[in-house]
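Overview (structure and organization)
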Amino acid sequence: MFASDFPRCYCSPKRCLRYLALLFLFSPLLVPLPSAAQDWLAAPLAGAIQNPSGKVEKAQVFIASERYDLAIQLLRDAVENDRDPDAQYLLGWCQANGKGVPRSLLQAEQSFFGAAQRKHFAAMYSLGRLRIDTAQPGSTKRVESGIETLKDAAELGMGAAMRRLGQVYRAGVPGALEPDLAEAQAWFQKAGSVGDAESFYYEGEMLESGQLGKSDPVQALALFNKAAVNGSTSAMVKLGMLAQSGSKPDPETALRWFEKAAALHSPEGHHRMGKLLQASDPRKAIEQFRLAAQGGYAPALVDYGIAHEEGLETAKDIASAVKAYQEAAEKGDPIGLYRLAICYDQGLGIAKNNAKATECFQTSGGAGYAEAQFRMGKRYASGEISIKDPIAAAAWFQLGAAQGHAPSQCALGEIYETATGALQNPAAALELYQKAGEQGYAEAWFRLGRMVETGQSTAVNLEAAYQLYLGASEKGFSEAKPMAESVARRLTPAAVKAVEKSFKASPDQLPKLR
């Protein structure tokens, strides 16, 4: 999005954004997002243990049955007495995830390092990723060390390490490594040459987006198909999404691709399949959400929670909904955070807690979710957080308005219309009400009607005001009906009839104000 796409902020945009930045820097409400290491450490790497010893084999059984305390005992015994690299790798995984021991990425790194010294490829991969993913901005040496460790694993023929190197060079590391797209493509191609199907997908993404020069959707599609044929679930999902979009959507083809990805236990495949089936087979859709949620896929956790909260093809179960939202929130999902905030705010399935609600709204809004940004603005505007703070409210509403969020646009307009001093700007309010009204937002129609009726920043136009009040009333804004009746009494019967005819012909189109 370009700067020109954002609505103007007439309370001085720099002042608003500077104020919001200070809130983020110093507010005790903010909580850190989950570590970047969490997602890829969700399960031990497939094929990481090739020839397990008896102790490691028993430990794997205990891990599979979630009896982590017993697994830890066996793994520590195998590390201390046998110097078993498989055990050291699995111990690192448990430490990184807090399974049977307190979660400690530092101890996990030490365990991975020990196994990596003995050329354990999964430990080398995990050590390299951990060093890069947890590097602070500017930690050049740590990132370089992680890259060298991944290259060591790549030299052993590990396609996943080659692929990860491609991803690192493609994205870069803030303050430590500049993106190198040519190097990224080279690593993806190396990974593809040893059979890593996902790498075809990532190279296809680069071609599709134009990162390697001019966008090449034809070659990208060929790589997506090649990746899918070789078992890439990411490519299968991508092909399903492509089938859904475009000038001629093909939901049947999309469903087949999502089914193929789901058959290979892709959480996103299950979730996409569920979204596609929501209208035609809601019960099956919810089952797909459940399967995706079991895989820890945050968007599916949210949809599964909503199904239980609202009783969609299942019994209402607020406790299960809250649990799903909490899991999604722990993964930093902005919608999960928002839904959890609503539960805290209203006491749904959990003790009412205004502080936690605000914390979740703020974190969700900070991650860019417009509805949460709107809620934060309302909390500052009403004094629900501390005292009424229209500047902070305007800053939050501005973030939502910049995304085209109609309630935020209308709320920001109200501040500009009703505030005193530097925040007051009726012309800005009129513009924002129009933007929200174009989206059918009832309150914006009402407030726009009031400005047109009284001639604020525009000429008085009773016909337009009457049509705006009619629209607001039709859209469910109760205060609009008496206002419409009042204005109608000031118009001639012919004018009233003409306005009503115009409104009936285009009930969702704003009238011309002049």
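Since this is a predicted model, take the numbers as computed values, not measurements.

Reading guide: rules and limits
Residues numbered from 1 in each chain as written. Predicted model: local features only at pLDDT ≥ 70, side-chain atom pairs only at ≥ 80, totals over all residues. Heavy atoms only, no water. Axes fitted to C-alpha atoms, helices over the stretch in contact; angles between N-to-C directions. Helix = DSSP H or I, 4+ residues; strand = E, 2+ residues; numbered from the N terminus. Left-handed = near helix turned anticlockwise from the far one by under 90°. Contact = heavy atoms within 4.5 Å. Nonpolar A, V, L, I, M, F, W, Y, C, P; charged D, E, K, R; others polar. pLDDT = per-residue confidence, 0-100. Parallel < 35°, antiparallel > 145°, perpendicular 65-115°, else oblique. Phe/Tyr/Trp six-rings, centres within 6.5 Å; stacked < 30°, edge-to-face > 60°. Buried < 20%, exposed > 50% of the residue type's maximum accessible area, 1.4 Å probe, protein only. Lys NZ or Arg CZ within 6 Å of the ring centre and 35° of its normal. Core = buried A, V, L, I, M, F, W, Y, C linked by side-chain atoms within 4.5 Å.

**Description of the packing of helix α22 (residues 390–402) against helix α23 (residues 406–418)**
- One way to put it is that α22 packs onto α23 with a least axis distance of 8 Å and a crossing angle of 145°. Seen from above, α22 lies across α23 with left-handed handedness. Taken together, the residues of α23 that come into contact with α22 (itself represented by P390, A393, A394, F397, Q398, G400 and A401) are S408, Q409, A411, L412, I415 and Y416.
- Considering only residue class, the contact of α22 with α23 consists of 9 nonpolar, 4 polar and no charged.

**Some points on the confidence of the model for the protein chain**
- Confidence along the protein chain averages 91 in pLDDT terms, with 92% of residues attaining 70 or more.
- In this model residues 1–15 is a low-confidence stretch, pLDDT under 50, and it forms 25 contacts with partners more than four residues away in sequence or in other chains.
- Low pLDDT (under 50) marks residues 17–38, which in the prediction has 38 contacts with non-local residues, meaning those over four places away or in another chain.

**A look at the packing of helix α17 (residues 298–310) against helix α19 (residues 334–346)**
- Where α17 meets α19, the axes come as close as 10 Å, and the angle between the chain directions of the two elements is 25°. What the angle tells us is that α17 and α19 run roughly parallel. Judged by the twist between their axes, the crossing of α17 over α19 is left-handed. Taken together, the residues of α19 that come into contact with α17 (itself represented by V302, I306, E309 and E310) are I335, G336 and R339.
- Here the residues of the contact of α17 with α19 sort into 3 nonpolar, 1 polar and 3 charged.

**What to know about the packing of aromatic side chains**
- By the definition in use, this model includes 9 aromatic pairs.
- Aromatic side chains Y338 and Y369 sit 5.4 Å apart centroid to centroid with 65° between the ring planes, which places their arrangement in the edge-to-face category. Here the residue Y338 occupies a position in helix α19, and Y369 occupies one in the loop between α20 (354–366) and α21 (370–382), the gap between them amounting to 31 residues.
- What makes Y338 buried here is its relative accessible area of 8%.
- Here Y369 falls in the partly exposed class, since its relative accessible area comes to 25%.
- Both rings, one in F446 and one in Y469, keep their centres 5.8 Å apart while their planes meet at 50°; by these two values the pair is tilted. Residue F446 is found in helix α25 (residues 442–454), and its partner Y469 is found in helix α26 (residues 462–474); the two are separated by 23 residues along the sequence. Here the two residues F446 and Y469 agree in accessibility, since each one is buried.
- An aromatic cluster of three or more residues is present, and its members are F188, Y201, Y202 and F224.
- For the cation-ring pair, K475 lies above W445, with the distance from its terminal atom to the ring centre recorded as 4.8 Å.

**Section: the nonpolar core**
- Of all hydrophobic cores here, the largest spans 74 residues; its most connected members are I63, L75, Y89, L90, I147, A161 and L165.
- One finds C360, M376, A429 and V499 within the second-largest nonpolar core, a separate group that totals 73 residues.

**Considering the environment of P174**
- Residue placement: P174 occurs in the loop between α9 (159–171) and α10 (181–193).
- A C-alpha to C-alpha distance of 9.3 Å links P174 and A135, two positions 39 residues apart in sequence.
- When sequence neighbours within four positions are dropped, the list of residues in contact with P174 reads P137 and G138.

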